[in-house]
Amino acid sequence: MTVLGRAASMMWGGVLLSSAGACGVHTARPVGTAATEPIERRVDAPPFAVTLGDAFADSSRANRLADSLYQLQPAAPSPITTLTVHLTPDRRVSVIDVAYGPDRRYADEVAHATGRFGNPSRRSTADDGSQFTVWQDARSRFEIVGRSYDNRSPVIARLTDLLLARP
């Protein structure tokens, strides 16, 4: 099971993705990639805006979970409950974990992302019923996970910089 699969049982905050700047380096898409648009690398969750690859600037306003792991709690009434930011040793953002609030639904998030990025690269369902949908381009991967249990259906997402994230 992937890191995201193991992390699916954790509650992460919601996300609103905003457009990111253009990429200066163009490389071929990895095999199996279906996204027709570049994956947006920025998450806006006021008062926070976090971008993959950028230096992490909000450590003084974040909850430090470990040396390279910080959690941000957006202001109400954000649809995002938390952002968990993973940093490289030089303090650049390599992964952003997003926990959506209780009003967000997996199918709606997948439909929204499909409208923005095109067809997903991969879809799957785990033994526990968790559903996974993934979009990927040459630089980034965006994963949405939905899981139903105890009459709840939390939706989480992970945005990963493929060049900076640890294997």
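Attention here is on the structure that accompanies the text. Small disclaimer: the values here were computed from a predicted structure and weren't measured.

Re the overall build of the protein chain
So, point 1. When helices and strands are counted, the protein chain shows 2 helices and 11 strands.
So, point 2. The linear arrangement of helices and strands in the protein chain, starting from the amino end, is α-β-β-β-β-β-β-β-α-β-β-β-β.
So, point 3. Burial statistics for the protein chain: of 167 residues in total, 46% are counted as buried.
So, point 4. A separation threshold of at least 6 residues defines the contact pool for the protein chain, and within that pool the share at least 24 residues apart is 55%.
So, point 5. Just so you have it, the protein chain exposes about 8800 Å², and 51% of that area is on carbon and sulfur atoms.

Section: the pattern of salt bridges
So, point 1. In the structure shown here, the tally under the stated rule is 11 salt bridges.
So, point 2. The residue D97 makes a salt bridge to R158 at a minimum N-O spacing of 2.5 Å. Taken together, the residues span a long stretch of sequence, with D97 in strand β7 (residues 93–100) and R158 in strand β11 (residues 155–161) at a distance of 61 residues.
So, point 3. Judged by its relative accessible area of 2%, D97 is buried.

Some words on the pairing of strand β6 (residues 80–87)
So, point 1. Taken across its 8 residues, β6 has 6 buried, putting it largely inside the fold.
So, point 2. Of the pairings in the sheet, the one linking strand β5 (residues 69–72) to β6 comprises 4 bridges and is antiparallel in character. For Q71, the partnering residue across the bridge sits in β6 and is T84.
So, point 3. Taking the residues that link successive antiparallel strands as the turn, the β6-β7 hairpin has 5 residues, and the phi of R91 there is positive, at about 70°.

Focus on the pairing of β11
So, point 1. For β11, the buried fraction is high: 7 of the 7 residues fall into the buried class.
So, point 2. The alternating pattern of β11 places V155, A157, L159 and D161 on one face and I156, R158 and T160 on the opposite face, and all of these are buried.
So, point 3. Bridge count for β7 against β11 is 5 bridges, and the pairing is antiparallel. By the bridge assignment for β11, V98 is matched with A157.
So, point 4. Inspection of the sheet shows strand β10 (residues 140–146) paired to β11 by 7 bridges, in the antiparallel sense. Directly across from R141, in β11, lies its bridge partner T160.

Considering the environment of T51
So, point 1. Among the secondary structure elements, T51 is positioned in strand β3 (residues 48–51).
So, point 2. On the basis of relative accessible area, T51 is assigned to the buried category, the value being 15%.
So, point 3. Separated by 45 residues in sequence, T51 and I96 have C-alpha atoms that sit 8.5 Å apart.
So, point 4. Sequence-distant contacts of T51, that is, excluding residues within four places in its chain, are made with R41, R42 and V93.

Conventions used here
- Residues numbered from 1 in each chain as written.
- Predicted model: local features only at pLDDT ≥ 70, side-chain atom pairs only at ≥ 80, totals over all residues.
- Heavy atoms only, no water.
- Helix = DSSP H or I, 4+ residues; strand = E, 2+ residues; numbered from the N terminus.
- Buried < 20%, exposed > 50% of the residue type's maximum accessible area, 1.4 Å probe, protein only.
- Contact = heavy atoms within 4.5 Å.
- Areas by Shrake-Rupley, 256 points an atom, 1.4 Å probe, with all protein chains shown as cover.
- Salt bridge = Lys/Arg side-chain N within 4 Å of Asp/Glu carboxyl O.
- Pairing = 2+ DSSP bridges.

Treat this as a map of the structure, not an account of what it does.
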